[in-house]
Amino acid sequence: MNTDPAPHRYRVVVNRAETPDTSTLTLRPVDAPLPAFLPGQFAMLYAFGIGEIPVSVSGRCGAGGLMHTVRAVGAVSRAVHDCPPGGFLGVRGPFGRPWTLPAPRDADVVVVAGGLGLAPLHPLVRHLRDHRVRYRSVAVLIGARTPDDLLYRAEYRRWRADGLDVRVTVDRPLPGWNGATGLVTALLTGLRPQPGRCAGYVCGPEVMMRPVVRSLATIGMPTSRVELSLERNMQCGTGHCGHCQLGPLFVCRDGPVVPATAAENLLAVREL
Amino acid sequence: MFQLPDLDGLFAALHADGYRIVGPTVSAGAIVLAELDRPAHLPYGVRVETAPGHYRLRPGPARQAFTHTAGPQAWKEFLQPSPERLWRGTRDDEGFRVDAAEEPPRPTALLGVRPCDLRALGILDGVLGDGERYARRRAASLVIAVDCTEPGEACFCVSAGGGPAARSGFDIGLVERPDGGYLARAATDRGTDLLARLAAPEASDVEVTTARKAVDEAAARMGRRLPEVDLRDLLTRHRTDDTYWSAIAERCLACANCTMVCPTCFCARVTDVTDLTGEHAERWQRADSCFDPDFSYVHGGPVRSSTGARYRQWISHKFATWHDQFGGSGCVGCGRCVVWCPVGIDITAELHALAQRDRS
Ligand SMILES: Cc1cc2nc3c(=O)[nH]c(=O)nc-3n(C[C@H](O)[C@H](O)[C@H](O)COP(=O)(O)OP(=O)(O)OC[C@H]3O[C@@H](n4cnc5c(N)ncnc54)[C@H](O)[C@@H]3O)c2cc1C
Ligand code: SF4
């Protein structure tokens, strides 16, 4: 774990608008790069003088550069989202427990993303695509509020061409949308993972993750084979500030990716 | 064990070695921890009277300086000071330059650490010890423990797994005698070295036995005790006992006093600030509390918005989830949270009440 309290400087080399309020930034180190990140881990991104927030790696995560997808929801995320190419951000990390990869050989893999939850799953989806032959099936189920809120939409075609079963649904269709409408759990219909050889990866709002875990169980995927990525207030990333506690877990250190079996009981307790 | 007639020699040796000495002294009606120039600054002739939500200084034996129990401060203040600047930065052509350099910590002798607080230091080491700043300060500190002969109304260290005698984690251990003399023992090379320089005579067996007896007897005079049940299991099972948590929320002010005085509460928040020009930025860390609604804020609102959920977090962290995280309880039984709660909520009574709910 990297407990250095000072951020490393990174230069923004690309800032691509993803949706009206979300953009994907590519960062290159100015000084010595941080160690490589693994899919599911996160960085603390610092906008000079404004503040620092936890943000998952959402693509490239080697020592040469980082990719982050950020939604502008408040002062810091707005400043990061708006940082133009040539601008600078501070980065600390890598922090947290990554997704367990690879999944078992010949497994049926199901990825479920709600809204911005696709960001931390994006590097995992890329891994699954690159190693597609290793698995029996790979389904990527994506839910968003509206078609305009879908992340990485331009990539879905390639993912499908590479053998991923990409299924998309929105809460509110917009004119021109002829895909599915409704809950992301409905997309599970027809999937039959082998209970002894499967893996589930889920990230999205908490209200969505619990029903997804239950629905995965009903189609035959034991909860013990599912991982979730959680979100809590985080200020240090190293288990020292206390903010990210969820029962026994320091989400920054024991998560953000946690086994669904551990998360299920904890998320069931109100205001834990 | 060695005999010291007073603490003059120890003060002189510590000062000669460049230590600043921090320890208890009387200020504004309470015993506080502050830098001490000489032994006369110690709280001689003072006893404290404590009860839930109650703390008063009372006259005590004139020749003794350690007839008091824990005051409102804990030693964490000297190991994780609040507020503290973590780094500062300046804008430049490459974005900004960060300067995290800090002055090396001053060698500090913590004098008068009670056995409960000694255990708290050990617990903090486990929580914060892998942080560089904490580790540096800790390495620069010398711990002088004083066994307890006068436990208070709010004390419950024995039932919290400790006791009035310091067992480990100190450099020098003292027992104060009614005549104002001390029996001293060393537990580390640094401590042995210091005591050797004082050229103190060995204590006789009778003196040692008498001093030990006074400390042992203190164990039987604890004002409070924790229920003898598996507290971790109790709190986990009552996590969703909403009637209990909402009842306590009617009394608790969420003022955060209990977490501020607790010797093991370590939570901290960071704040980033800039000057008016926007050219200079700093990051500050300060003590935080799980009673602050913003503590658990994520976009949209706090996770723990009700006071009941926040009280549950505090008590469950101390007595239940601390075990999962750090392999033991987070409570040492010092009684500070009982004394400094403005509405007199007594954590031991709350645990007894919770255990009672199992029976009824
Ligand atoms: C492990 C992890 C990974 C994340 N990954 C991403 C990502 O890939 N993309 C993305 O856009 N967002 C991500 N988030 C959420 C992001 O951290 C918040 O949107 C951000 O902190 C909001 O800060 P703000 O100052 O802009 O907003 P405000 O609402 O003004 O927040 C004020 C402060 O509260 C805290 N805070 C608020 N919301 C959150 C939150 N959801 N999680 C943690 N702390 C919060 C922060 O300290 C923040 O500075 C992630 C959060 C976590 C915990
Ligand atoms: S228990 Fe007492 S001291 Fe703690 S927050 Fe509540 S009112 Fe304040």
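Predicted model, so just to flag it, every value in this text is computed and none were measured. (Residues numbered from 1 in each chain as written. Chains lettered and ligands numbered in written order. Predicted model: local features only at pLDDT ≥ 70, side-chain atom pairs only at ≥ 80, totals over all residues. Heavy atoms only, no water.)

If you look at the interface, chain A gives 38 residues, while chain B gives 52 residues. Carbon and sulfur atoms supply 55% of the area that chain A and chain B bury against each other, a total of about 3600 Å² over both sides. For chain A, the biggest contributors to the area lost against chain B are Phe48, His240 and Glu271 of chain A; these three give 21% of the whole. Across the chain A-chain B interface, the total number found is 4 salt bridges. When the shortest N-O distance is used, the salt bridge between Asp242 of chain B and Arg270 of chain A registers 3.0 Å. The dominant element in the side of chain A that touches chain B, judged by the number of residues it contributes, is strand β6 (residues 88–95) of chain A, at 4 residues. When grouped by side-chain class, the residues that make up the side of chain A that touches chain B number 18 nonpolar, 12 polar and 8 charged. (Contact = heavy atoms within 4.5 Å. Buried area = accessible area lost by both parts, 1.4 Å probe. Salt bridge = Lys/Arg side-chain N within 4 Å of Asp/Glu carboxyl O. Helix = DSSP H or I, 4+ residues; strand = E, 2+ residues; numbered from the N terminus. Nonpolar A, V, L, I, M, F, W, Y, C, P; charged D, E, K, R; others polar.)

Time to look at the site of ligand 2. Close to ligand 2 lie 13 residues, the nearest being Cys252, Leu253, Cys255, Cys258 and Cys341 of chain B. Grouping the amino acids of the shell around ligand 2 by side-chain chemistry returns 12 nonpolar, 1 polar and no charged. (Near = heavy atom within 4 Å.)

What surrounds ligand 1 is a group of 23 residues, the closest being Pro54, Thr69, Arg71 and Ser77 of chain A together with His299 of chain B. More than one chain reaches ligand 1: its neighbouring residues belong to chains A and B. Contact distances for ligand 1 include 3.4 Å between an oxygen atom and a backbone N or O atom of Val76 of chain A. One of the backbone N or O atoms of His299 of chain B is found 2.6 Å from a nitrogen atom in ligand 1. Surface burial for ligand 1 is 86%, taken as the share of its 820 Å² of free accessible area covered by protein chains. Looking at the shell around ligand 1, the elements that each hand over two or more residues are β4 (51–56), β5 (66–71) and α1 (75–82) of chain A together with β14 (297–298) of chain B. When grouped by side-chain class, the residues that make up the shell around ligand 1 number 14 nonpolar, 6 polar and 3 charged. (Polar contact = N/O pair within 3.5 Å; in protein donor to acceptor, adjacent residues only side chain to side chain. Areas by Shrake-Rupley, 256 points an atom, 1.4 Å probe, with all protein chains shown as cover.)

We now examine the UniProt feature "domain: FAD-binding FR-type" (unreviewed entry) in chain A. With numbering matched to this structure, UniProt assigns "domain: FAD-binding FR-type" (unreviewed entry) to residues 5–101 of chain A. Annotated as 8% helix and 47% strand, the span residues 5–101 of chain A places its first and last C-alpha atoms 29 Å apart. (UniProt positions renumbered as here; feature names shortened; annotations may be inferred.)

With that settled, the discussion passes to the pairing of strand β7 (residues 108–114) of chain A. All names here are of chain A. Of all the 7 residues making up β7, 7 are buried; the element is thus mostly covered by neighbouring parts of the structure. Residue alternation in β7 divides its side chains into two sets, Asp108, Val110, Val112 and Gly114 and Val109, Val111 and Ala113, and both sets are buried. As defined by bridge partners, β7 adjoins strand β8 (residues 137–144) across 7 bridges and the pair is classed as parallel. Bridge pairing links Val111 to Val140 in β8. Read from β7 through helix α2 (residues 118–130) to β8, the crossover connection turns out right-handed. (Buried < 20%, exposed > 50% of the residue type's maximum accessible area, 1.4 Å probe, protein only. Pairing = 2+ DSSP bridges. Right-handed = clockwise from strand over helix to strand, strands pointing away.)

If you look at the biggest cluster of nonpolar residues, it comprises 103 residues, and the most contacted ones within it are Tyr311 and Trp314 of chain B. With 8 residues, the single largest contributor to this core is helix α3 (residues 115–128) of chain B. Filtering out sequence-adjacent residues up to four positions away, Trp314 of chain B remains in contact with Cys258, Thr259, Cys262, Cys265, Cys290, Phe291, Cys337 and Ile347 of chain B. Of all hydrophobic cores here, the second largest spans 31 residues; its members include Val111, Ala113, Tyr152 and Val170 of chain A. (Core = buried A, V, L, I, M, F, W, Y, C linked by side-chain atoms within 4.5 Å.)

Attention now goes to the packing of aromatic side chains. In the structure shown here, the tally under the stated rule is 17 aromatic pairs over all chains. An aromatic cluster is present here, built from Tyr46 and Phe48 of chain A together with Trp87 and Phe96 of chain B joined pairwise through their rings. Above the plane of the ring of Tyr46 of chain A lies Arg283 of chain B, whose end atom (NZ or CZ) is 5.1 Å from the centre. (Phe/Tyr/Trp six-rings, centres within 6.5 Å; stacked < 30°, edge-to-face > 60°. Lys NZ or Arg CZ within 6 Å of the ring centre and 35° of its normal.)

Residue and element names in this part refer to chain B. Pairing of strand β12 (residues 268–274) with strand β13 (residues 280–287), which is carried by 7 bridges, proceeds in the antiparallel orientation. Within β13, the position partnered with Thr274 by the bridge is Ala281. Counting the residues in the hairpin turn of β12 and β13 gives 5 residues, including Gly278, whose phi is positive at 80°.

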